[in-house]
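Here is how the chains run, residue by residue.
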Amino acid sequence: MLYQRSSKLFAEAEKVIPGGVNSPVRAFKGVGGTPIFAKSAKGAYVYDEDGKRYIDYINSWGPMLLGHAFAPVVDAVIEKAKLGTSFGMPTELETKIAELAVSMVPNIDKIRFVNSGTEACMSAIRLARGYTNRDKIIKFSGCYHGHSDAFLIQAGSGLSTFGTPNSPGVTQGTAKDTILAKYNDIDNVAEIFENNKNEIAAIIIEPVAGNMGCVPPTQGFLQGLRELCSANGALLIFDEVMTGFRLAKGGAQELFKINADIVCFGKVIGGGLPVGAFAARNEIMNYLAPVGPVYQAGTLSGNPLAMAAGLAMLQAINNDAELFNRLEEKTAYLEKGMRKVLTDAGVKYTINRVGSMISVFFDERPVVDFITAGYGNNESFKKFFHGLLENGIYIAPSSYETWFITDALSYADLDETIEVVAKVATTL
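Parameters at a glance
- Residues numbered from 1 in each chain as written.
- Predicted model: local features only at pLDDT ≥ 70, side-chain atom pairs only at ≥ 80, totals over all residues.
- Heavy atoms only, no water.
- Helix = DSSP H or I, 4+ residues; strand = E, 2+ residues; numbered from the N terminus.
- Rg over C-alpha atoms; globule rule 2.2 N^0.38 Å.
- Buried < 20%, exposed > 50% of the residue type's maximum accessible area, 1.4 Å probe, protein only.
- Contact = heavy atoms within 4.5 Å.
- Areas by Shrake-Rupley, 256 points an atom, 1.4 Å probe, with all protein chains shown as cover.
- Lys, Arg positive; Asp, Glu negative; His and termini not counted.
- Charge placed at Lys NZ, Arg CZ, Asp CG, Glu CD.
- Phe/Tyr/Trp six-rings, centres within 6.5 Å; stacked < 30°, edge-to-face > 60°.
- Lys NZ or Arg CZ within 6 Å of the ring centre and 35° of its normal.
- 1 Å grid on protein atoms, 1.4 Å probe; cavity = no way out; pocket = protein on both sides within 12 Å on 5 of 7 lines; lining within 4 Å.
- Points joined across faces, edges and corners; volume = space filled by probe spheres on them.
- Core = buried A, V, L, I, M, F, W, Y, C linked by side-chain atoms within 4.5 Å.
- Expected span 1.5 Å × (residues − 1).
- Polar contact = N/O pair within 3.5 Å; in protein donor to acceptor, adjacent residues only side chain to side chain.
- Salt bridge = Lys/Arg side-chain N within 4 Å of Asp/Glu carboxyl O.

Chemist: Looking at this structure, how should I read the overall build of the protein chain?
Modeler: Of the regular secondary structure elements, the protein chain holds 14 helices and 17 strands. Relative to the 2.2 N^0.38 estimate, which gives 22 Å for 428 residues, the radius of gyration of the protein chain is 21 Å and therefore close to what a compact globule would have. Along the first, second and third principal axes, the C-alpha set of the protein chain runs to 60 × 55 × 45 Å. Relative to its 428 residues, the protein chain shows a buried fraction of 54%. Put simply, 71% of the contacts in the protein chain that link residues at least 6 apart link residues at least 24 apart. Just so you have it, the protein chain exposes about 17900 Å², and 52% of that area is on carbon and sulfur atoms. Placing the 39 positive and 45 negative side-chain charges of the protein chain at their respective mean positions leaves the two points 3 Å apart.

Here it is as structure tokens:
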């Protein structure tokens, strides 16, 4: 029986962990079946508790840009752990990774480290509100910025609708200050500013959406947001938890040549350990305590193990002049191969890709926002997911998640993936 040990472990986990998982998407609710339990990983592969090997396109939801168990990261963590795992005091290591990050990313002078992408985005919003002395924020339907109350908001029926809570426990008072906009619809955003003059503190956006599948910004959209924020005294926040250090050394700001006011990081910046960060120019970051009035703190922020992992990862990225070319070429190769076999099989599909982020949607119409991302045939996706899984290819167990390509993938791995996609396509 496939996944025999994983099934047993899941049953045991359900008794002591809500839903058997510590993050909901891992439970396979979107695709059915029993989640597989990972035992180990190396390079481009993850191995489950039943001993099965998978070519991994989740890569811990993005951090493993250079592959699992990347030796410089592992070695750095081991050596640092020998000296102590946490101090609650400043360390030289925090300054070193801060200096490196600031040197790699455009338009930032200072950075503060936290423990997750959720913390980074939550703190960025608080900082933006404190800096502008305004309360309202604009977020986009389909963009996920962590599970802070202000972000768990769904869209209403109008073009410029105040949010309503999307989760019990989120109050109406919190929701009323979050305004929903349509991704890739600059006119919608302009209308929101017009209806809320001098009230918008910030726009927060995934510059390339990854939580409704991979959805790129349309031509001029990010530039339009930059212009609207500048004209209205609001801050533009790029949530680069996924895109930071993945799409380019300087992330989406570098790739699209758009300057954000605050940038949020996670995933790659921690090398696989729990790390987040937010960064901005001096005049904004100096509003943070202890030099400014906006309070933000964390006992484990700047944890030495996480800082060691992150520094080793950023150094490897910074020192590899061809890394992003290789990632682009590998992902383009995968896209081309999948397009051919899906077309040959007569499958209706759309593929979106930016750099090393890629998604397959089972509908022919363009996917540009949360509504069009939902057009895909979910039954086809379920068959696709389980067909790939049974044949040793691990993608996200949700049609609303991007794939993440790692440099550890060989062209033999990509060819194997394309062959499996061809096999599964005949069943859709």
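Let's pick the thread back up.
Chemist: Would you take a moment to explain the packing of aromatic side chains for this structure?
Modeler: How two aromatic rings sit relative to each other is given by the distance of their centres and the angle of their planes. Going through the model one piece at a time under the given rule, you end up with 12 aromatic pairs. Aromatic pair F140 and F221: ring centres 5.8 Å apart, planes at 75°, arrangement edge-to-face. Taken together, the positions of F140 in strand β5 (residues 136–140) and F221 in helix α7 (residues 221–232) put the pair 81 residues apart, joining distant regions of the chain. Among the residues examined, F140 registers a relative accessible area of 0% and is labelled buried. For F221, a relative accessible area of 2% puts it in the buried group. Seen in terms of ring centroids, F245 and F265 are 5.1 Å apart; in terms of plane orientation they differ by 35°. Their pairing is tilted. With a gap of 20 residues between them, F245 in the loop between β11 (235–239) and α8 (251–256) and F265 in strand β12 (residues 262–265) connect regions that are remote in the sequence. Classification of F265 as buried rests on a relative accessible area of 1%. The rings of Y57, F362, F384 and W403 are connected pair by pair, giving a single aromatic cluster. Stacked on the ring of Y54, the Lys or Arg K52 has its end atom at 5.7 Å from the ring centre. The side chain of R53 reaches across the aromatic face of Y45, ending 4.3 Å from its centre.

Chemist: What should I look at first to understand the layout of surface pockets in this one?
Modeler: To find leftover empty space, a probe the size of one water molecule is rolled over the atoms. Space inside the second largest pocket adds up to approximately 720 Å³. Lining the second largest pocket are 31 residues, and of these E94, I111, R112, F113 and P290 sit closest to its centre. Going through the elements one at a time, α3 (92–104) and β4 (110–114) are the ones with two or more residues in the lining of the second largest pocket.

Chemist: Help me understand the nonpolar core in this model?
Modeler: Nonpolar side chains tend toward joint burial in soluble globular proteins. F140, I205, F245 and I317 are the most contacted members of the largest nonpolar core, which has 62 residues in total. For this core, the element with the most residues is helix α10 (residues 304–318), which contributes nine residues. With residues up to four places along the chain from it excluded, the contact list for F245 reads L65, A101, M104, V105, G251, F265, V268, I269, L314, I317 and F324. With 40 residues, the next largest nonpolar core counts V31, V360, L388 and I418 among its residues.

Chemist: When you look at the environment of V368 in this model, what are you seeing that I'm missing?
Modeler: Checked against the element boundaries, V368 lands in the loop between β15 (357–361) and α12 (370–373). Here V368 falls in the partly exposed class, since its relative accessible area comes to 30%. A sequence separation of 98 residues divides V368 from G270, and the C-alpha atoms of the two residues are 30 Å apart. Contacts of V368, omitting those with residues within four sequence positions, involve Y183, N184 and V215.

Chemist: Which parts of the structure should I look at to understand helix α4 (residues 117–132)?
Modeler: Side chains of residues three or four places apart in an α-helix project in the same direction, reflecting 3.6 residues per turn. With 16 residues, α4 extends 22 Å between its outermost C-alpha atoms, agreeing within 8% with the 22 Å of an ideal straight helix rising 1.5 Å per residue. When α4 is considered as a whole, its buried residues turn out to be G117, T118, A120, C121, S123, A124, I125, L127, A128 and T132. The positive-phi residue at the C-terminal boundary of α4 is N133, with phi of around 60°.

Chemist: What am I meant to see in the side chain of T132 here?
Modeler: Its place among the elements puts T132 in helix α4. Of the residues examined, T132 reaches a relative accessible area of 15% and is grouped as buried. Only 3.3 Å separates the side chain of T132 from the backbone nitrogen of R134, close enough to count as a polar contact. With sequence-adjacent residues up to four places away left out, T132 is seen in contact with A201, G233 and L235.

Chemist: Can you help me understand the pattern of salt bridges in this one?
Modeler: Opposite charge on two side chains permits them to pair, given that their charged atoms come into close proximity. With the rule as written, the count across this model stands at 19 salt bridges. Close ionic contact of D407 with K330 constitutes a salt bridge, the shortest N to O distance being 3.4 Å. Of the two residues, D407 is situated in the loop between β17 (403–404) and α14 (411–425) and K330 in helix α11 (residues 323–344); the sequence distance between them amounts to 77 residues. You'll find D407 and K330 in the same group, each marked buried.

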